[in-house]
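An overview of the molecular structure
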Amino acid sequence: MSRVYNFSAGPAVLPEEVLKEAQAEMLDYRGTGMSVMEMSHRSKAFDEIIDQAEADLRTLMQIPDNYKVLFMQGGASLQFAMIPMNLMKHGKADYIVTGQWAKKAYQEAQKYGTVNKIASSEDKTFSYIPDCSDLPISEDADYVYICENNTIYGTKFKTLPNTKGKILVSDVSSCFLSEPVDVSKYGIIYGGVQKNIGPAGLVISVIREDLITEDVLPGTPTMMQFKTYADNRSMYNTPNCYGIYICGKVFQWIVKMGGLEAMKERNEKKAAILYDFLDQSRLFKGTVVKEDRSLMNVPFVTGDKDLDAKFVAQAKAAGLENLKGHRTVGGMRASIYNAMPIEGVDKLVEFMKKFEEENL
Ligand SMILES: *Cc1c(COP(=O)(O)O)cnc(C)c1O
C-alpha cells in the first residue's frame, strides 16, 4: 500500500487514523456482526453513532443550546435552494458574491424571491474580499448570505460582514472546523462535509432554532424543510448513515488533536510554509491579495500554462496529487485541509523549490 499526498479540493484527504479505524470496524462494528453500511438507521448502534457525532460537534464548535444540528443530503448545492425556501418570509435576501459557490447560491435564490447582490469581487476575478463594513443591506432582507471560504479562488472572510442586525447565513464547506467560530453570530452556518470532514453527499447545518418553522415558501417539499429534519433528529428518511459515522470519527480525531484552537494553529503553520515560499519565489506566485488568503485553499501560478501543466504532471509523479487548479481558473491549487499533515506541505514546497531551480 502506498498513500500519496492528496491536495484535492474535495472530496479530499481524511485522517489516516480515521480510515484505519473504519477499516477495522468494516466487517463487524463493535460486536454487531455487521458493518455500519448494513445496519438500520433505527438501530441502537446507529442511534449512538449519530448522538455521539452531534455531541462531539457541539463540543468542538461550542454550539449554543438554541441551535439545532441537522444532517442533510443533496450536498451544499441543495442548500442553495433550501435556504431561501425556508427563510424568505418577506421574499428578499442580500448576497455577497465572492466566488463561484456564492454566485451559484445567488443565482439559485433568484428563483424564490428578490435577491440583491450587495457586494462582489468579480471585477478582479474574485481575488479579494470586498469591504463589508457598511453595505447597503435591504431593510426587509430575510438574511444576508456569504460563502466564508472560497474554495476555488482561495480567499476567506477574516471578519464577518456587518449585516446591520440581519440574519447571517454562511457556507463554510471548505473551512468547516478549521478554526474556532462564534456560532452565535450566525443564523445558519452550514457546509458540505467532503472538504474538511468526511465523505461527499452529506451536509451539516447548524441553525438557530427560531429559523426552523412551518412558515416556508408554498410548495416546499417535505424533504426540503428544515423542520422535517429538526423534528426527526435528521432521520425522517434514511440519512447518509455511513457518512455520519465517518464524520463522527473525524470529530473525535479533532478532539484528540486538541480541538479547533489546535487545528487553527496547525493550519496557520501549514499555510505559512506555503505562502512564505510563494512570497519569495521567482517562478511561482499566489493569486489573491495577502490579507484575504485562505488557510485551506492556496491557488498559485507560474504565468505560463505549459509550465503549469508540466509542474502538475511532475508533482503527480512525485506523489503530490491533485494540484491542478480549478477548470475555470487554471494554474495550480493546493488544498491543505485539516487532515493534510505538515510534512505534506513541506514535501510540496521542497518539490516547488526543485522545480523552480530546474525551470528558471
Ligand atoms: C464544494 C463546495 C460546494 C458544493 O458542494 P456539493 O456538496 O458538491 O454540493 C459549495 N460551497 C462550497 C464553498 C464548496 O467548497
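The structure presented is a predicted model; accordingly, all values stated were derived computationally and were not measured. (Residues numbered from 1 in each chain as written. Predicted model: local features only at pLDDT ≥ 70, side-chain atom pairs only at ≥ 80, totals over all residues. Heavy atoms only, no water.)

**Considering a nonpolar patch on the surface**
- A cluster of nonpolar side chains, Met26, Leu27 and Met37, forms an exposed patch at the surface whose accessible area comes to about 340 Å².
- Counting through the fold element by element, Leu27 comes out in the loop between α1 (16-24) and α2 (44-61).
- Looking at Leu27, the relative accessible area reads 73%, which means it is exposed. (Patch = residues over 30% accessible without salt bridge, like charges linked within 9 Å, V, L, I, M, F, W, Y side chains within 5 Å. Areas by Shrake-Rupley, 256 points an atom, 1.4 Å probe, with all protein chains shown as cover. Salt bridge = Lys/Arg side-chain N within 4 Å of Asp/Glu carboxyl O. Helix = DSSP H or I, 4+ residues; strand = E, 2+ residues; numbered from the N terminus. Buried < 20%, exposed > 50% of the residue type's maximum accessible area, 1.4 Å probe, protein only.)

**Quick word on unusual backbone geometry**
- Put simply, Gly10 and Pro11 share a cis peptide bond, and its omega is -10°.
- With respect to the helices and strands, the residue Pro11 is situated in the loop between β1 (5-6) and α1.
- With a phi close to 40°, Thr125 is a non-glycine residue in the positive phi region.
- For Thr125, the position within the fold is in the loop between β4 (114-120) and β5 (144-147).
- The exposure class assigned to Thr125 is exposed, which follows from its relative accessible area of 59%.
- Positive phi is not limited to glycine here, since Leu177 has a value of about 60°.
- Inspection of the secondary structure puts Leu177 in the loop between β8 (168-171) and β9 (188-192).
- The exposure class assigned to Leu177 is buried, which follows from its relative accessible area of 4%.

**Brief notes about the site of the ligand**
- Close contacts around the ligand come from Gly75, Ala76, Ser77, Phe80, Trp101, Cys147, Asn149, Thr151, Asp171, Ser173, Gln194 and Lys195, and that covers them all.
- Here an oxygen atom of the ligand sits 2.9 Å away from a polar atom, N or O, in the side chain of Gln194.
- Within the complex, 87% of the 390 Å² of free accessible area of the ligand lies under protein.
- Residue contributions to the shell around the ligand peak at four residues, all from helix α3 (residues 75-87).
- Each residue belonging to the shell around the ligand can be placed in one class, and the counts come to four nonpolar, six polar and two charged. (Near = heavy atom within 4 Å. Polar contact = N/O pair within 3.5 Å; in protein donor to acceptor, adjacent residues only side chain to side chain. Nonpolar A, V, L, I, M, F, W, Y, C, P; charged D, E, K, R; others polar.)

**Some thoughts on the nonpolar core**
- Within the largest apolar cluster, 88 residues are counted, with the highest numbers of intra-cluster contacts made by Met61, Leu177, Phe284 and Phe311.
- Per element, the largest residue contribution to this core is ten residues, and it comes from helix α6 (residues 241-257).
- With near-sequence residues (within four places) excluded, Phe311 lies in contact with Phe284, Phe300, Leu323, Met332, Leu348, Phe351, Met352 and Phe355.
- Counting 35 residues, the second-largest nonpolar core is a separate cluster that includes Ile83, Leu87, Ile152 and Ile207. (Core = buried A, V, L, I, M, F, W, Y, C linked by side-chain atoms within 4.5 Å. Contact = heavy atoms within 4.5 Å.)

**Observations regarding the sheet that holds β5**
- Strand order in the open sheet formed by seven strands is β2-β10-β9-β8-β5-β3-β4, and the pairing between neighbours is mixed. Each having just a single partner strand, β2 (67-73) and β4 make up the two edges of the open sheet. Strand-to-strand, the axes of this sheet are offset by a mean angle of 20°, without reference to chain direction.
- One ladder, built from four bridges, connects β5 with β8; its direction is parallel. (Pairing = 2+ DSSP bridges. Axes fitted to C-alpha atoms, helices over the stretch in contact; angles between N-to-C directions.)

**Digging into the pattern of salt bridges**
- A complete count under the given rule lists 23 salt bridges for this structure.
- In this structure, the salt-bridge partner of Glu21 is Lys249, at a minimum N-O distance of 2.9 Å. Taken together, the positions of Glu21 in helix α1 and Lys249 in helix α6 put the pair 228 residues apart, joining distant regions of the chain.
- Overall, the relative accessible area of 8% leaves Lys249 in the buried class.
- Through salt bridges with shared partners, a single network forms among Glu21, Glu25, Arg30 and Lys249.

**Concerning the pairing of strand β3 (residues 92-97)**
- The buried fraction of β3 amounts to five of the six residues, a majority that puts the element mostly inside the structure.
- Pairing between β3 and β4: six bridges, direction parallel. Looking at β4, one finds that Val97 is bridged to Ser120.
- After leaving β3, the chain enters helix α4 (residues 100-109) and then returns to the sheet as β4, a path that is right-handed.
- Here two bridges tie β3 to β5, and the two strands are oriented parallel to one another. Counterpart to Asp94 in the pairing with β5 is Val144. (Right-handed = clockwise from strand over helix to strand, strands pointing away.)

**Observations regarding the pairing of strand β14 (residues 332-335)**
- Here β14 shows two buried faces, one formed by Met332 and Ala334 and the other by Arg333 and Ser335.
- Judged from the four bridges that link them, strand β12 (residues 297-301) and β14 form a sheet pairing that is antiparallel. Residue pairing for β14: Asn297 is matched across the bridge by Ser335.

**Some thoughts on the environment of Ile63**
- Note on placement: Ile63 falls in the loop between α2 and β2.
- Spatially, the C-alpha atoms of Ile63 and Ser184 are 7.9 Å apart, while their sequence positions differ by 121 residues.
- Setting aside residues no more than four positions away along its own chain, Ile63 makes contact with Leu57, Arg58, Val69, Val183 and Val206.

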